[in-house]
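Survey of secondary and tertiary structure
What follows is each chain in one-letter form.
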Amino acid sequence: MEDKQQYTESLEPTVPVGDLKDSSVFDPPRMSARLPPGLSADRLLDLGAVYQALAGDSVVDSTRSYFQNRSTVERFLRLCCFDTDNPIEMASVDALRAEAVTYLSDLHGYQIPLEVARPKHIYDLFLTASAGNSESSRFACMILKVMHILYHISSRELVFNMRISEAELLSRLNSKVFRVIDEMRAEGITVCEFAAGKKRRSSITTKLLAKRDTVATHIFDKLRFRIVVKSRDDLINALIYIMRNLLPFNFVMPGQSENGIITIDDVTRVFGVEPSFLKSFWGDTGVLVKEQKELATHENEFSGPGYRCVNFVAEIPLRLDDMGVEASPAIGAVETEIQLVDAMTEKANSRGENSHERYKSRQRVHVRKRLEGIDSLQARLPRFEDID
């Protein structure tokens, strides 16, 4: 068996990795030459983040990575609530990298090239993952996926082990979201209406009774932020702003995204790219409505046939250093639902069968059928409305 070079992280077992290439020729990838004119590295990251919000794909299954230079990696890490100017906090990011490499090597036996397993700078790992389909890029992408899971576990464990109420967490989340919305307005995006709401106990009870999956942890919209903007261009720009300033794209919850408004023409117009580039970059434009006249229907079975929105569920990271925890940095995450709609669509959503009143009525009828027994042949049980 050929000899394998090894490296050792401090306080960690020795991990087998692949042969080390000549470090003098290793050059982290730079800006892709395939980018269309006028599309900066930041805008490319925006385009990737918009896809993630609309598609709701799991980043663990993805082969895409959107980082083209160091500033885009710094932007991403800051969204994850790391202080990129603080060497101690950057060391904690590198610790996640080391743990991910150990996991992949020890448990799965991967022989990771040393320049990937232990890059000179953590930024190089992100850039290598975005460089194409080479073996090094695939290994770098794998490491980032495991780091994402480790970060998720740590943030959840922190919140679970803290002496902090749900009300306090939601209050902090409210403050963060309200600040971003105020800044969005200052940037010129016309926000006609913004509302934050926590579901009442009766609403959660009704929703659970209406679903076959009656587990309270599967109610993702206990806290929901609803944003109504003036136009469809404002809608896309608001989504871009949220994904740039509120949450990292990998925090979008898989399988909980919905788009009944944004078309491929909307995205290419706002980003200034050709449809062919969008299809090549995203790999799948099925998350976009083909034409405005063919808008997708809302997936909620109780919504009206013409109800449309952009909706996704995400975890929003929060700094919790002042809560007296030992972890440094102390970063938790709070799950919430974000819904966006333009003013014209909102007007259509409030009429007829699409109205909220009709939605609640259909939901309650279904709940009563389940409570009494959907397949029951017995007479319907009397209700107060039956009394003259």
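Residues numbered from 1 in each chain as written. Predicted model: local features only at pLDDT ≥ 70, side-chain atom pairs only at ≥ 80, totals over all residues. Heavy atoms only, no water.

Here the focus is the nonpolar core. Of all hydrophobic cores here, the largest spans 101 residues; its most connected members are Leu 247, Phe 271, Trp 282, Phe 312 and Leu 340. Here this core gets eleven residues from one element, more than from any other, and that element is helix H6 (residues 135–161). Discounting residues that sit within four places of it in the chain, Trp 282 has contacts with Leu 47, Val 50, Tyr 51, Leu 54, Arg 64, Val 267, Val 287 and Leu 288. (Core = buried A, V, L, I, M, F, W, Y, C linked by side-chain atoms within 4.5 Å. Buried < 20%, exposed > 50% of the residue type's maximum accessible area, 1.4 Å probe, protein only. Helix = DSSP H or I, 4+ residues; strand = E, 2+ residues; numbered from the N terminus. Contact = heavy atoms within 4.5 Å.)

Applying the stated criterion to the full structure yields 18 salt bridges. When salt bridges with common partners are traced through the structure, they connect Asp 42, Arg 43, Asp 46, Arg 75 and Arg 244 into a single cluster. (Salt bridge = Lys/Arg side-chain N within 4 Å of Asp/Glu carboxyl O.)

Tallied over the entire structure, the rule returns 14 aromatic pairs. Plain terms: the ring middles of Phe 67 and Phe 76 are 5.3 Å apart, the flat faces sit at 70 degrees to each other, and that makes the pair edge-to-face. Phe 76 matches Phe 67 in its accessibility class, with the two residues each being buried. Linked through ring pairs, Tyr 66, Phe 67, Phe 76, Phe 126, Phe 249, Phe 277 and Phe 281 together constitute an aromatic cluster. (Phe/Tyr/Trp six-rings, centres within 6.5 Å; stacked < 30°, edge-to-face > 60°.)

This part is about the pairing of strand E8 (residues 331–342). Within E8, eleven of the twelve residues are buried, which leaves it mostly tucked inside the rest of the structure. Across six bridges, the pairing between strand E5 (residues 223–229) and E8 is parallel. In the strand pairing of E8, Phe 225 is matched with Ile 338. Bridge analysis of strand E7 (residues 310–319) against E8 gives ten bridges, and the strand direction is antiparallel. (Pairing = 2+ DSSP bridges.)

Right, let's talk about the confidence of the model for the protein for a bit. Any region with low pLDDT has predicted coordinates that should not be read closely. Overall, the prediction assigns the protein a mean pLDDT of 81, with 75% of residues at 70 or greater. Low confidence marks residues 1–33, where pLDDT is under 50. Its contacts with residues over four positions away, or in another chain, come to 66 contacts. Low pLDDT (under 50) marks residues 214–221, which in the prediction has 22 contacts with non-local residues, meaning those over four places away or in another chain. (pLDDT = per-residue confidence, 0-100.)

This paragraph deals with the environment of Val 252. Turning to its location among the elements, Val 252 is positioned in the loop between helix H9 (232–245) and strand E6 (258–259). Taking relative accessible area as the criterion, Val 252 reaches 4% and is therefore assigned buried. Each C-alpha atom of the pair Val 252 and Ala 314 lies 4.2 Å from the other, and the pair is 62 residues apart in sequence. Those residues in contact with Val 252 that sit more than four places away from it in its chain are Gln 52, Ala 53, Gly 56, Met 243, Leu 247, Ser 257, Phe 312, Val 313 and Ala 314.

The next point concerns a nonpolar patch on the surface. Judged by side-chain polarity, Val 60, Ile 149 and Ile 153 come together as a nonpolar surface patch covering roughly 200 Å² of accessible area. Of note, Ile 149 is situated in helix H6. (Patch = residues over 30% accessible without salt bridge, like charges linked within 9 Å, V, L, I, M, F, W, Y side chains within 5 Å. Areas by Shrake-Rupley, 256 points an atom, 1.4 Å probe, with all protein chains shown as cover.)

In this section: the packing of helix H1 (residues 41–55) against H9. Contact pair H1 / H9: the axes reach a minimum separation of 9 Å and the direction vectors enclose 100 degrees. In terms of orientation, H1 lies roughly perpendicular with respect to H9. Along its contact with H1, which presents Asp 42, Arg 43, Asp 46, Ala 49, Val 50, Ala 53 and Leu 54, the element H9 presents Leu 239, Ile 240, Met 243 and Arg 244. Across the contact of H1 with H9, the residue classes tally to seven nonpolar, no polar and four charged. (Axes fitted to C-alpha atoms, helices over the stretch in contact; angles between N-to-C directions. Parallel < 35°, antiparallel > 145°, perpendicular 65-115°, else oblique. Nonpolar A, V, L, I, M, F, W, Y, C, P; charged D, E, K, R; others polar.)

Among the residues of helix H11 (residues 275–282), Phe 277, Leu 278, Phe 281 and Trp 282 are the ones counted as buried. One side of H11 carries all its buried residues, which in axial view fall inside an arc of 115 degrees. Structural note: H11 exposes Ser 276 and Ser 280 on the side pointing more than 90 degrees away from its buried face. Those residues of H11 that are buried are in contact with H1 and helix H10 (264–271). Gly 283 occupies a position one or two residues after H11 and carries a positive phi of about 80 degrees. (Arc of directions from axis to C-beta.)

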